[in-house]
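# Architecture at a glance
One-letter residues, chain by chain:
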Amino acid sequence: MGAIYVDTEIQRATINQDECVECGTCLRGMSQEHLNPTMVRTVRRLARMFRFRFEPEPDVCPTAAFVMNDLEMPRLIRQIFSDPVVEHKSTGIKGRGTEEVKTNDVNPRVTEGEVGYTIEFGRPGVGVRFRDIEEMAMELAQLGVHFEAKNPITHLMTDTATGKLRDDILGEKILSAIIEIKTTLDHVEEVLETVERVNLRIDTVTAVGISTRCDDRGEETRLAGLLEELGYGAERAKTNMGLGRATNLQAA
Amino acid sequence: MTNTLHRYGKSESFRDDFILFCIPSPGRNDQGAVDKQKAFLRICAKHGPVNMGNGNRGSFRPERHLDPTSHWKRHLDPDWEGVISGVSKPGTVAAVFDTREKAEACLREVKEADLGLSVNMSTSVSGAKEVAESCGIARHSVEYSLGFADPHDHLPNSQVLGLSTMCGHGMVSFNMARKMLDMVREGRRTPRQAVATLARFCPCGVYNPARAMRLLQEARKQSG
């Protein structure tokens, strides 16, 4: 995000609170020393004075200076959508999406002839405001798509028929979020065209995942063929190997 | 969570990037899932992974109490046992392999173990298909990545993207990836040191240190 910078007026590293998405990476990802801040600053100033290259480990905070903010709504929503080790209460899983087709063998969501989409905003490394997500959701809603009920963004909609999100969160910036929808195969072109068109208006990056069920022999040519026809190259995929089954006593 | 799906690169560049993960479905097969996930990770650990993770931590981990002398003796090796014993509740656990052969052997053993949890492979489209066929598995479902769309030119160059997108949650920042590229180019860090630094930021353990090492070594002599 580039939210941390050195404020030359106060001569201290500072966090731009508007840009910070509360992902927790600075606190969790950095290793820590617990050195005296005055001593650390003095050493740095001396090194700078003599034009010495000061080259500490880039992932070590020498003074263990980071602390998490006490968060309340609506700012709390930043952490929920940005910190991957925080669990979404709405989904029961960590991260910004849901099970998608990762458990399609156990919990069928996308069947043959259907197509699931994960439309992700803000990733990689750019971030997104909820008002931009809303803009996309409202355009997609006009196509009559089905929003996945167990998706965290769907939980924030005040009206799933229009794709409208809660007003109090629209200005909040997050690392990324995923709209999850489902259509039949014949709607793929208009959905992808809509995503491309709306992306031109919203100031962020998008990444689309598009999924379907394979046939009994494990083959999948319909969606792959259609994507190729439409000019989308799919280099990478996530493949559910079909080894799962319901084993819970009440589910089996 | 699509934290392994959208990695920057062409199909061929995933030749050393095979991620296997298992995941329970709440209410369907999450009873007893913790033990099954530990069993999955133990199987993976036998087949020479380059990283593993349990959703809370990866095998490369930040340290909380360094002292100034530790700058010259950072831990650069993965900790498999910490990842396995750290599984405390049902969730996603993952292992990363740097060859198709290792991933295939691992998947074959996972299939035989019949854990009942959903098992997914994230790699090139053709790579996963070939591994499945070789293991006698009929793929159930597939999710294709259509890559990144950046109409407003926010994204950095391909070298930075290749390194940073291996943490799909975005915990490896562009700035950190760029810094590591520069430090390796200028001989201020070895690729192995740089890779460990990057991998420590990925709490899910899906960052691929072997691919990162290759990308860093290739980038050494190329402009961005």
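Residues numbered from 1 in each chain as written. Chains lettered and ligands numbered in written order. Predicted model: local features only at pLDDT ≥ 70, side-chain atom pairs only at ≥ 80, totals over all residues.

### Focus on the overall build of chain A
Inclusion rule: Strands are runs of DSSP state E lasting at least 2 residues, helices are runs of H or I lasting at least 4, and numbering of each runs from the N terminus. Our exposure labels follow a C-beta count within 10 Å of each residue's own C-beta, placed from the backbone: buried means 20 or more other C-beta atoms, exposed means 12 or fewer, and partly exposed covers the counts in between. Residue pairs are scored as contacts if the distance between their C-beta atoms, which are placed from the backbone, is within 7 Å.
Across its full length, chain A holds seven helices and 13 strands. Structurally, chain A occupies a C-alpha span of about 70 × 40 × 40 Å along its principal axes. When burial is assessed residue by residue, chain A has 42% of its 252 residues classed as buried. Pairs at least 24 apart in sequence give 72% of the contacts found in chain A among residues at least 6 apart.

### Let's talk about the domain arrangement of chain A
All names here are of chain A. Definition in use: Domain boundaries shown here were taken from an automatic or database domain assignment.
Partitioning chain A into structural domains gives domain 1 (8-76) and domain 2 (88-230). In this structure, domain 1 and domain 2 have C-alpha centres spaced 36 Å apart. At the junction of the two partners, domain 1 supplies five residues and domain 2 supplies seven residues.

### Focus on the interface of chain A and chain B
Definition in use: Any residue that is not Ala, Val, Leu, Ile, Met, Phe, Trp, Tyr, Cys, Pro, Asp, Glu, Lys or Arg is counted as polar, Gly included; the first ten are nonpolar and the last four charged. When DSSP finds two or more bridges between a pair of strands, those strands are recorded as paired.
Counting from both sides, the interface comprises 80 residues of chain A and, opposite them, 79 residues of chain B. Elements with a minimum of two residues in the side of chain A that touches chain B: helix H1 (25-28), strand E3 (31-32), strand E5 (114-121), helix H6 (188-201), strand E12 (206-213) and strand E13 (236-240) of chain A. At eight residues, E12 of chain A tops the list of elements feeding residues into the side of chain A that touches chain B. Of the residues that constitute the side of chain A that touches chain B, the class distribution is 30 nonpolar, 27 polar and 23 charged. In the sheet, E13 of chain A pairs with strand E4 (residues 118-124) of chain B via five bridges, with the strands oriented antiparallel. Counted as the bridge partner of Lys238 of chain A is Ser122 of chain B from E4 of chain B.

### Some words on helix H2 (residues 37-49) of chain A
Residues and elements named next belong to chain A. Stated precisely, the cut-off is as follows: What a helix should span is 1.5 Å times the count of its residues minus one.
The end-to-end C-alpha distance of H2, which contains 13 residues, comes to 18 Å, matching closely the 18 Å that a straight helix rising 1.5 Å per residue would cover. Buried residues are scarce in H2, accounting for zero of its 13 residues. After H2 finishes, the residue Arg51 shows a positive phi value of roughly 55°.

### A short note on the pairing of E12 of chain A
On any regular strand, side chains alternate: one points to one face of the sheet, the next to the other face. Across the eight residues of E12 of chain A, eight count as buried, placing the element largely inside the fold. Of the two faces of E12 of chain A, the one holding Thr206, Val208, Ile210 and Thr212 of chain A and the one holding Ala207, Gly209, Ser211 and Arg213 of chain A are both buried throughout. Where E5 of chain A meets E12 of chain A, six bridges bridge the pair, whose relative direction is antiparallel. Counted as the bridge partner of Ile119 of chain A is Val208 of chain A from E12 of chain A. Relative to strand E5 (residues 141-149) of chain B, E12 of chain A runs antiparallel, the two sharing seven bridges. Paired with Ile210 of chain A across the bridge in E5 of chain B is Tyr144 of chain B.

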